[in-house]
Amino acid sequence: MDFSEIFDFIFHILPYLLEGFMVSVQVAVLSFLLGLAIGSIMAFARLSRNPVFNKIATAYIEFLRGTPLLVQLMIVYFAIPIALRIHIEAWVAGIITMGINSSAYQAEIIRSGIKAIPQEQVEAAQSVGLSRWQIMRHIILPQALRFVIPALVNEFATVLKDTSLLYFIGVPELMRRADYIAAWTFRYFEVFITAAFIYFVAVYIFGTLSRVLERKLAIPGMIVRI
Amino acid sequence: MPEPILKVRDLHKSFGDLHVLKGVSFDIYERDRVAILGFSGSGKSTLLRCLTRLVEPDKGDIWIDGIHVTSPNAPLDKIRKITAYVFQRFNLWPHLRVIDNVTLALRIVHGIPKEEAEKIAEKVLRRVGLEDKMYNYPGELSGGQQQRVAIARALAINPKIIFLDEPTSALDPDLIAEVLSILDDLAKEGRTMVIVTHELDFVQDATNRVMFLYNGKIVEEGPTEEVLSKPKHPAFRRYLRRLLHRLEKPI
């Protein structure tokens, strides 16, 4: 095992892989943001007393969480364009699918953050005359957002790792580039270990940023639930 | 006799099969300091919450300062601007500093500009002896201090009636005195108060009327002196015996 040669090889393929990873990150960020937008709406829909909103949101979440992401990708990229006779770019299909998929998980995260606020605080707010919207804005959301940061960062890490599935619909992200080099050089081991390492470093960095953010937002005496 | 500031007629409330309030009626006048006594689970907290519809009554009528609280389009925001609660577990907002806890309602519900609201907050916090903790968070304070902040929060809006739901029951025994002393002062000032409590010493010193809630109804009521020294209803006598029994142990 010539380690210096292996390191040379990895050093050479790294820029090419990292370019692919930039695509992975861009897709992940856009998907996550889409998921956040839709997820917030779904969270409130599930919390709503309106049975229509409630049931639709629940069905939406259950379906998306109950089916594999890869299957969802296949549906959006292959099945729907065929059925509707349209063309969807691979990366667009990727962002739409991953965004919708993530929104289901984010909806549950946000909803549990909101429900974690003790009813007593809401009661005190009602007793001084705050409206439902004012209570949400001043009492519930500022606390709920603090609670959900760890879970949301974790969800982003998951989305980032899930971008690897976009390999199957031809998006030029990290895995597709890794596979290309590996097939060309037959050095599957070095290539995929490097790819794994790239994902790992990114996830680790985001985890650290999350902890920093949590510490900055922490309030003396208030324990954020684990 | 002037109009009562709080009128309750035939108040009913059930939770599922449990019929908690079975027709409660009473009047409270300005400057009254009324103690509501009762066994655990007798519905005292529920009664207190029904008065401003924090809990929706099933039946009955309530008037506060002439406003018909239980009418379908009652101006609840107006009612909640002239009433305030002090809760057993303080119910402070932990993500807001003490001063923000006290000024939140002033700024958002009463529309008072921040500077003026903070001056009011400073005054009431000084009243409860916590002006030096203005910029702390509730999580940094002891239970007694938190409850005093809660009292300041209630006082800040200068309510016509203050409702207190067992304000000292969740406190460590050594912290009870500091809170009762403030409530004592408020009582002497003539604040209209309705207080659910088990602190009989406080009831004797600071209240002028007592109501005993039993089986969903008020079965005994009257001036404090009279009711405590000559209890008539058997359940009330039992209640007093139980409480006094605990206090009788020599130290």
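Draft legend 1. Here's a closer look at the overall build of chain A. Along the backbone of chain A there are eight helices and zero strands. Each principal axis of the C-alpha distribution contributes one length, and for chain A these read about 70 × 50 × 20 Å. Looking at the 226 residues of chain A, the share that counts as buried comes to 32%. Taking the intrachain contacts of chain A between residues at least 6 apart in sequence as the baseline, contacts between residues at least 24 apart amount to 77%.

Draft legend 2. Molecular detail of the sheet that holds strand β5 (residues 67–68) of chain B. A sheet is described by the order of its strands in space; here four strands give the open sequence β2-β1-β4-β5 (chain B), paired in antiparallel fashion. Each edge of the sheet is formed by a strand with only one pairing partner; in this case those strands are β2 (18–28) and β5 of chain B.

Draft legend 3. Representation of the interface of chain A and chain B within the structure. Contacts between the two partners involve 18 residues from chain A, matched on the other side by 22 residues from chain B. Elements supplying a minimum of two residues to the side of chain A that touches chain B: α5 (119–127) and α6 (132–162) of chain A. A per-element tally of the side of chain A that touches chain B places α5 of chain A first, with six residues. Partitioning the side of chain A that touches chain B into residue classes produces eight nonpolar, eight polar and two charged.

Draft legend 4. Spatial organisation of helix α3 (residues 98–108) of chain B. α3 of chain B sits mainly inside the fold: eight of its 11 residues count as buried. Of all the residues in α3 of chain B, the buried ones are Val98, Ile99, Asn101, Val102, Thr103, Leu104, Ala105 and Leu106 of chain B. Contacts from the buried residues of α3 of chain B go to α6 of chain A together with α4 (114–127) and α5 (143–156) of chain B.

Draft legend 5. Spatial organisation of the environment of Ala206 of chain B. All names here are of chain B. With respect to the element layout, Ala206 can be found in helix α7 (residues 200–206). With 21 C-beta atoms packed within 10 Å, Ala206 lands in the buried category. Taking the C-alpha atoms as reference points, Ala206 and Ala187, 19 residues apart in sequence, are found 5.9 Å from one another. Not counting residues within four places of it along the chain, the set of residues in contact with Ala206 comprises Arg33, Leu183, Asp184 and Ala187.

Draft legend 6. Here's a closer look at the domain arrangement of chain B. All names here are of chain B. According to the domain assignment, chain B contains domain 1 (33–54 + 160–251) and domain 2 (92–159). Here domain 1 and domain 2 have C-alpha centroids that lie 25 Å from each other. Residue-level contacts link 11 residues of domain 1 with nine residues of domain 2. A total of four residues in the side of domain 1 that touches domain 2 trace back to one element, the largest contributor, which is helix α6 (residues 173–189). Grouping the amino acids of the side of domain 1 that touches domain 2 by side-chain chemistry returns eight nonpolar, no polar and three charged.

Analysis parameters
Residues numbered from 1 in each chain as written. Chains lettered and ligands numbered in written order. Predicted model: local features only at pLDDT ≥ 70, side-chain atom pairs only at ≥ 80, totals over all residues. Helix = DSSP H or I, 4+ residues; strand = E, 2+ residues; numbered from the N terminus. Buried ≥ 20, exposed ≤ 12 C-beta atoms within 10 Å, placed from the backbone. Contact = placed C-beta atoms within 7 Å. Pairing = 2+ DSSP bridges. Nonpolar A, V, L, I, M, F, W, Y, C, P; charged D, E, K, R; others polar. Domains from an automatic or database assignment.

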